[in-house]
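Breakdown of the fold
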Amino acid sequence: MVETTGGGPQDGAAEVLDRPLPDGVRRRVVQIVADGFGGLTVAELPAQLRQYARFTPNRRAKFAGNAMAAALETDPLFRQRIGEKLREAEPELTGALDSGSPPPAADPLDVAAAAYVLRQPGWVKLVTAAGEEAQRADAERADEETRAELERLRGELDRAREHTRSEAERLRAELDAAKKETDSLHRKLRSALADVKRGEAALRKLRGEMEAVRAEGQAQVSAAESETRRLKARLGETEAALEAARRAAREGRSVEDMRVRLLLDTVLDAAQGLRRELALPPVSVRPAETVDAVEPGRMTPKDIAARALSEDDPAVLDQLLALPQAHLVVDGYNVTKTGYPQMPLEKQRLRLLGQLAQLAAQTGAEVTCVFDGAELAAPVLLAPPRGVRVLFSKPGVTADELIRQLVRAEPPGRPVIVVSTDREVADGVARAGARPVASVVLLKRLS
């Protein structure tokens, strides 16, 4: 049982609701509170409702419905303020309630909710009547739904019966067709058995003929073997005659050999004279010099790795760049995001390229800096510094793949140093013959 309170005995405070508030009326009451909520200041709200001050009316009704209903019931001042907001929003309805004659055309739920908030005399009767009206409407709606469901089920039953009759007729027709098909198959089976018997007789006849053919074939094979032996004998005689003819040809070819030798000497003398006339230099390159290998005294990136230096020692990078024709390939964003990730990308690029230009001037090495083009919203307008080649990867190609393409483009044996902390990149370029170096080593060297 819910007991209400108000400002005096004449405003409905003494009236008592002897049953729970109907759901429809409660939803309308919560919506009234949610709509009037926004017109109050935070100080005018109960303490438990101040956290919902910034919510929209729909969100307040959804998340603070129970809290608003409880505050409306227990806080007369809050209920009075909501009543004032309701009077401003619904002057006609509240005026009719104040006069004691609710408008007949108004929704009973809206009348009951407004009466519950305003607590005018007779509000309990209005709430009770609205609940009974809602129950009657629900009962009528349920009755209508039941009748509609019954009609639907009857229709489905009639359709099911009709479908069953048609299915039974179809099955009977299929059964008759199956019986006719069975009779036809029986006749075909008897015909097939007769064909099998005729086939067995024909097979026995063919076996006899095959035996005769086999005997004839064996006789022909024997005759062919005899002919082969005869042909082999004739072949031996022919080979002996051919060898004799070859000996005679060699003896008669000595004059021709002399003429050919004289012609060869003439060509060689002419070639030597042509060489003297053209003043051709002697050949300085030998085939063995085209084979890629490490000569004594030359240094390779792998030799640098074997020295007694730590992997993160900047001296390793200096020794690598001191190699002849060294090429330094830098994974740009990998280095900048390792050293100064808090800076914008544009400033990261400018800072790294400026430092790489100084390194290129100091070491004389070829320097290529690669950036990932996928990180760009638009093409970069950038003037590369002296001594540094700047490349951006194309759409659909990562900077890692572009670095691997650069390494594969270099000839075997050239010192190529790749700066990247990415393990996959380091392993890939190492297999291709390049020397991977961690980004922190380059950052230490540049600093």
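Computed from a predicted model, the values in this text were never measured in an experiment.

This part is about the packing of helix H12 (residues 345-363) against helix H15 (residues 439-446). Close contact between H12 and H15 brings their axes to 10 Å; oriented N to C, the two are set at 75°. One way to sum up the angle between H12 and H15 is to call them roughly perpendicular. Contacts between H12 and H15 involve Leu 352, Gln 355, Leu 356, Leu 359 and Gln 362 on the former and, on the latter, Leu 442, Arg 445 and Leu 446.

Our next topic: the packing of aromatic side chains. On inspection of all chains with the given rule, the structure shows 2 aromatic pairs. Linked through ring pairs, Tyr 333, Phe 371 and Phe 392 together constitute an aromatic cluster. Against the face of Phe 55 rests Arg 59, its NZ or CZ located 4.4 Å from the ring centre. Above the face of the Tyr 340 ring, Arg 351 is positioned so that its terminal group lies 4.1 Å from the ring centre.

The backbone phi angle of Gln 325 is positive, close to 55°, even though this residue is not glycine. One can find Gln 325 in the loop between helix H10 (314-321) and strand S3 (327-331). With relative accessibility at 62%, the residue Gln 325 sits in the exposed group.

Residues Val 316, Leu 317, Leu 320 and Leu 321 constitute the buried set of H10. Axial view of H10: buried residues confined to an arc of 130°, hence all on one face.

Residues in a regular strand project their side chains so that they alternate between the two faces of the sheet. Of the two faces of strand S6 (residues 416-419), both are covered, the one formed by Val 416 and Val 418 as well as the one formed by Ile 417 and Val 419. Bridge count for S3 against S6 is 4 bridges, and the pairing is parallel. Directly across from Val 330, in S6, lies its bridge partner Val 419. Of the strand pairs in this sheet, S6 and strand S7 (residues 435-437) are connected by 3 bridges, and their pairing is parallel. Among the inter-strand pairings, Val 418 is bridged to a residue of S7, identified as Pro 436. On the question of chirality, the crossover connecting S6 to the parallel S7 by way of helix H14 (residues 423-431) is right-handed.

Before going further, it helps to spend a moment on the confidence of the model for the protein chain. Looking at the protein chain as a whole, the pLDDT averages 79, with 78% of positions reaching at least 70. Confidence drops under pLDDT 50 across residues 1-10; counting only partners more than four residues distant or on other chains, this segment forms 24 contacts. Note on residues 292-297: pLDDT is under 50 here. Beyond four places in sequence and across chains, it has 4 contacts.

Right, let's talk about the packing of helix H13 (residues 399-409) against H14 for a bit. Two numbers describe how H13 lies on H14: the axes approach to 10 Å, and their chain directions differ by 15°. Between H13 and H14, the angle is such that the two are roughly parallel. In terms of crossing hand, the pair formed by H13 and H14 is right-handed. The residues of H14 that touch H13, namely those facing Asp 400, Ile 403, Arg 404 and Val 407, are Glu 424, Val 425 and Val 429. Looking at side-chain class alone, the contact of H13 with H14 contains 4 nonpolar, no polar and 3 charged residues.

Definitions and limits used
- Residues numbered from 1 in each chain as written.
- Predicted model: local features only at pLDDT ≥ 70, side-chain atom pairs only at ≥ 80, totals over all residues.
- Heavy atoms only, no water.
- Axes fitted to C-alpha atoms, helices over the stretch in contact; angles between N-to-C directions.
- Helix = DSSP H or I, 4+ residues; strand = E, 2+ residues; numbered from the N terminus.
- Parallel < 35°, antiparallel > 145°, perpendicular 65-115°, else oblique.
- Contact = heavy atoms within 4.5 Å.
- Phe/Tyr/Trp six-rings, centres within 6.5 Å; stacked < 30°, edge-to-face > 60°.
- Lys NZ or Arg CZ within 6 Å of the ring centre and 35° of its normal.
- Buried < 20%, exposed > 50% of the residue type's maximum accessible area, 1.4 Å probe, protein only.
- Arc of directions from axis to C-beta.
- Pairing = 2+ DSSP bridges.
- Right-handed = clockwise from strand over helix to strand, strands pointing away.
- pLDDT = per-residue confidence, 0-100.
- Left-handed = near helix turned anticlockwise from the far one by under 90°.
- Nonpolar A, V, L, I, M, F, W, Y, C, P; charged D, E, K, R; others polar.

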